[in-house]
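Reading the structure
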Amino acid sequence: MSSADTSKLIADLDRLAGEFAGEIGGLATEEEIRLAQARYLGKKGKVSDLMKALGKLPPAERPAVGEAANRAKSSIERSVGERLSALAEASLSADLARVVDVTLPPRGAPLGTLHPLTLVRREIEEIFLGLGFAVRTGPWIETEWNNFDALNTPPDHPARDMQDTFFVEGGRILRSHTSPVQIRTMLAGPPPIRIVAPGNVFRRDDDATHTPMFPQMEGLYVDKDVSFADLKGTLLHFVHRFFGPNLGVRLRPSYFPFTEPSAEVDAACYLCSGNGHVDGRSCRLCRGSGWIEIGGSGMVHPNVFRAVGYDPAAVTGFAFGFGLSRMAMLKYEVDDLRSFYEHDARFLAQFR
Ligand code: PHE
């Protein structure tokens, strides 16, 4: 091989760099650029191809060719680097140029709603808090003594049949009413006492109008000279606030072991204003009676005071117990008790 061949080889190598630069000018992705790079600098690339002739050159001329090869290599690598950073820059400015409407309202996470029984519980709590009552709660699993004996309901008492409940291990029971919170509160301190106690209670019943678990709200007021008139005034205030002003309260003689005298509490029907009929038709809510039953009540029995160590000669008190699901059914005109426990979102979303 001659020097003419050497000069041609050097010229070819120098040409490759320019050829490469022209080729990648039109490439739009990093992948394409890398593939082009490999076509020139790879093992079987164009530069290696030309270098195969190197061994046939006179040794004295080889360094010049090697230099030319290095020149080509670094020029190609520089072109790759420049082209890649140009691409990155272009994509960054495209990103920055994108118009985002920051004033669009967000899509908003769907908010849940409070359960109707929670709404009713809170509303009743508010009414009694306004009268100076405190809110107290007790455990669902109770001692038989708190649930029955201390409430003047000894083991052989027939009234236990009406509150047939569930026994759990250790001789305890699922409380059949919220009245044991009366006992717990009185055992915890001396009178005066003004509390309401919301919470779930359990009985064996299970049909269209009874669920084995249901919420109640207990009330207890103990002090010197608390009278039956105080009970009625308190209930009247409650009914006015909860169902509507000008609605009456009716106390029907009844029996509970832990109150004497005892009374069922009826509120005048808010749908027919106690008339029993709407537009000449029998009222569908109270079924024409003009009254709806909301709970039981009475004056605390002296034996209950004795059980908690209060002196029945020194204090008197009244107590009441409302069925919260019944209140919610009346307030929201829900006709099936079970709706409260089925957790159908379409039903629940109506209460906001
Ligand atoms: N605990 C009674 C029941 O569940 C209701 C009640 C409470 C009655 C307080 C009188 C006084 O049936």
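Residues numbered from 1 in each chain as written. Predicted model: local features only at pLDDT ≥ 70, side-chain atom pairs only at ≥ 80, totals over all residues. Heavy atoms only, no water.

**Thoughts on the site of the ligand**
Taken together, 15 residues are adjacent to the ligand, and H177, S179, R203, Q216 and E218 come closest. Here an oxygen atom of the ligand sits 2.8 Å away from a polar atom, N or O, in the side chain of R203. Interatomic distance of 2.9 Å between a side-chain N/O atom of Q216 and an oxygen atom of the ligand. Relative to its free-state accessible area of 330 Å², the ligand is covered by the protein chains to the extent of 93%. Under a 2 Å grid-point criterion requiring more than half of the atoms, the pocket assigned to the ligand is the largest pocket. Contributing elements (two or more residues each) for the shell around the ligand: strand 5 (213-223), strand 10 (291-300) and strand 11 (316-323). (Near = heavy atom within 4 Å. Polar contact = N/O pair within 3.5 Å; in protein donor to acceptor, adjacent residues only side chain to side chain. Areas by Shrake-Rupley, 256 points an atom, 1.4 Å probe, with all protein chains shown as cover. 1 Å grid on protein atoms, 1.4 Å probe; cavity = no way out; pocket = protein on both sides within 12 Å on 5 of 7 lines; lining within 4 Å. Sits in = over half its atoms within 2 Å of the grid points. Helix = DSSP H or I, 4+ residues; strand = E, 2+ residues; numbered from the N terminus.)

**Some points on empty space enclosed by the protein**
A complete count under the given rule lists one cavity of 30 Å³ or more for this structure. Here the largest cavity defines a volume of roughly 80 Å³. Forming the walls of the largest cavity are N147, F148, T153, A159, R160, M162, Q163, H177, Y255, F256, P257 and F258. Within the residue set of the lining of the largest cavity, elements represented by two or more residues are helix 7 (159-162) and strand 6 (249-256). If you tally residues by element for the lining of the largest cavity, the top one is helix 7, at three residues. Of the residues that constitute the lining of the largest cavity, the class distribution is seven nonpolar, four polar and one charged. (Points joined across faces, edges and corners; volume = space filled by probe spheres on them. Nonpolar A, V, L, I, M, F, W, Y, C, P; charged D, E, K, R; others polar.)

**Some thoughts on the side chain of T234**
Within the fold, T234 resides in helix 9 (residues 228-242). Classification of T234 by relative accessible area gives buried; the value is 13%. Not counting the four nearest positions on each side in its chain, T234 is found in contact with F128, L131, F133 and F318. (Buried < 20%, exposed > 50% of the residue type's maximum accessible area, 1.4 Å probe, protein only. Contact = heavy atoms within 4.5 Å.)

**Section: the layout of surface pockets**
Empty space within the largest pocket amounts to approximately 1400 Å³. Along the walls of the largest pocket sit 43 residues, with T209, H210, E293, G323 and R326 positioned nearest its centre. Elements that contribute at least two residues to the lining of the largest pocket include exactly strand 5, strand 7 (259-268), strand 10, strand 11 and helix 11 (324-332). Ranked by the residues each element gives to the lining of the largest pocket, the list is headed by strand 10, at seven residues. In terms of residue class, the lining of the largest pocket is made up of 17 nonpolar, 16 polar and ten charged. Reported here for the second largest pocket is a volume of approximately 230 Å³.

These figures come from the coordinates and say nothing about function on their own.
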